[in-house]
Amino acid sequence: MLKVWGRATSSNVQKVMWTVAELGLAHERVDVGGHFGGLDTDQYGALNPHRLVPTVETDDGLVLWESNAIMRHLARQDPARRLWSTDPQGEAEADMWAEWAHNAVSRPVTGLFWALVRTRKVDHDQALIGQNLKAALDGLSAAEGQLSRQAFLAGETLSIADIVLGHILYRYHEMEIDRPHLPALTRYYEGLCERQAYRDHVMVDFTSLKAD
């Protein structure tokens, strides 16, 4: 059984837990990080020298950290390869789009979330908010073009690329911001919201993270 260390409200933990759920892997999740603490213990430091979440212990004793690396490992180990193509071209395409989604969408949306939600309103930096929002919308506009041509980011089936992109869309849609009409992205997001794994592990109330 996998052991996943990390709080449910961490976006990086959500990526891993969504992956675990899509693959139907037996697991135990342990709340650490945030108000749960525990990252400064000797036990956790022995698992993850960076003292961040998530960390995963596999059935065979392998210890993994860095959410995208964990996702790739789990997807590759899946006999059915449901999230990772057996075709070299499909594999490369999903990996490429996953990296793009992390840098072009997840990073700026996360920056926007910190600047807007995790910072007190009295301390809001409007320039920083605007900068992150613009970068996020640039990335999402590029995703719109890709999603207007196919069902998912890297093809016609869900892949790790969609988990990297899709996990951050819940926060994007729940923040109090002006969002342009992106019909393909809306169709895509609504489809993700119908997936049980997404509802269970990504659509998580983040009220506890709000600064105000």
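Placed above this text is the structure.
What you see as residue numbers is a count from 1 along each chain, following the sequence as written. Two thresholds apply to this predicted model, a pLDDT of at least 70 for residue-level local features and 80 or more for giving and counting side-chain atom pairs, whereas whole-chain, interface and lining totals are computed over all residues. For the side-chain quantities, the full set of heavy atoms in the structure was used; hydrogens and water were omitted.

Caption draft 1: Focus on the environment of Tyr189. Numbering goes from the N terminus for both helices and strands, where a helix is a DSSP run of H or I of at least four residues and a strand is a run of E of at least two. In this structure, Tyr189 sits in helix 8 (residues 183–193). Taking the relative accessible area as the measure of exposure, Tyr189 reaches 10% and is therefore buried. Here, residues are in contact when the closest pair of their heavy atoms is within 4.5 Å. Among residues more than four places away in sequence, those in contact with Tyr189 are Leu169, Tyr170, His173 and Tyr198. Only protein chains enter the calculation, and the probe is 1.4 Å; a residue is then buried if its accessible area is under 20% of its type maximum, exposed if over 50%, and partly exposed in between.

Caption draft 2: Quick look at the pattern of salt bridges. Put simply, a salt bridge is a Lys or Arg side-chain nitrogen that is within 4 Å of an Asp or Glu carboxyl oxygen. Within the structure shown, the criterion is met by 8 salt bridges. Among the salt bridges present, the one from Arg195 reaches Glu22, with a minimum N-O distance of 2.9 Å. One end of the pair, Arg195, is in the loop between helix 8 and helix 9 (196–201); the other, Glu22, is in helix 1 (residues 11–23), and 173 residues separate them in sequence. When its relative accessible area of 27% is taken as the criterion, Arg195 is described as partly exposed. By sharing partners, the salt bridges in this structure join Arg72, Asp95 and Glu99 into a single network.

Caption draft 3: Just the pairing of strand 1 (residues 2–5), in detail. Paired strands are those between which DSSP finds at least two bridges. Pairing geometry for strand 1 and strand 2 (residues 27–30), over 4 bridges, is parallel. Residue Trp5 lies in a different strand from strand 2, and its bridge partner there is Val30. Pairing of strand 1 with strand 3 (residues 55–57), which is carried by 3 bridges, proceeds in the antiparallel orientation. Bridge pairing in strand 3 places Trp5 opposite Thr55.

Caption draft 4: The sheet that holds strand 1, seen in detail. Across the sheet, which stays open at both edges, the 4 strands sit in the order 2-1-3-4 with mixed pairing between neighbours. Two strands in the sheet have a free side with no partner beyond their single neighbour: strand 2 and strand 4 (63–65). Mean inter-strand twist for the sheet, computed between neighbouring axes without regard to direction, equals 20°. Running over the sheet, helix 3 (residues 67–77) touches strand 1, strand 3 and strand 4 and is turned about 130° from strand 4. All axes here are fitted lines through C-alpha atoms, helices being fitted over the stretch that makes contact, and every angle between N-to-C directions spans 0 to 180 degrees.

Caption draft 5: Up close: the nonpolar core. Each nonpolar core is a collection of buried residues, namely Ala, Val, Leu, Ile, Met, Phe, Trp, Tyr and Cys, held together in the definition by side-chain atoms within 4.5 Å. Grouped together as the largest cluster of nonpolar side chains are 68 residues, with contacts concentrated most on Trp18, Leu140, Leu165, Leu169, Met175, Tyr188 and Tyr198. Looking at which element gives the most residues to this core, the answer is helix 4 (residues 88–116), with 11 residues. Not counting chain neighbours up to four residues away, the residues in contact with Met175 comprise Val109, Leu112, Phe113, Leu116 and Val117.

Caption draft 6: Layout of the packing of helix 5 (residues 126–147) against helix 8. Relative to each other, helix 5 and helix 8 sit at 80°, their axes nearing to 8 Å. Classified by the angle between their axes, helix 5 and helix 8 sit roughly perpendicular to one another. Facing Leu140, Glu144 and Leu147 of helix 5, the residues of helix 8 in contact are Pro183, Ala184, Leu185, Arg187 and Tyr188. Counted by class, the contact of helix 5 with helix 8 contains 6 nonpolar, no polar and 2 charged residues. Under this scheme an angle from 65 to 115 degrees is roughly perpendicular, one under 35 degrees roughly parallel, and one over 145 degrees roughly antiparallel; angles in between are oblique. Gly is put with the polar residues, along with every residue not named as nonpolar or charged; the nonpolar set is Ala, Val, Leu, Ile, Met, Phe, Trp, Tyr, Cys and Pro, and the charged set is Asp, Glu, Lys and Arg.

Caption draft 7: How the structure looks around the side chain of Thr58. Structurally, Thr58 is set in the loop between strand 3 and strand 4. For Thr58, a relative accessible area of 11% translates into the label buried. A polar contact of 2.3 Å, which involves the side chain of Thr58, links it to the side chain of Asp60. Nitrogen and oxygen atoms within 3.5 Å of one another constitute a polar contact, given that in protein one can donate a hydrogen and the other can accept it, and given that sequence-neighbouring residues count only through two side-chain atoms.

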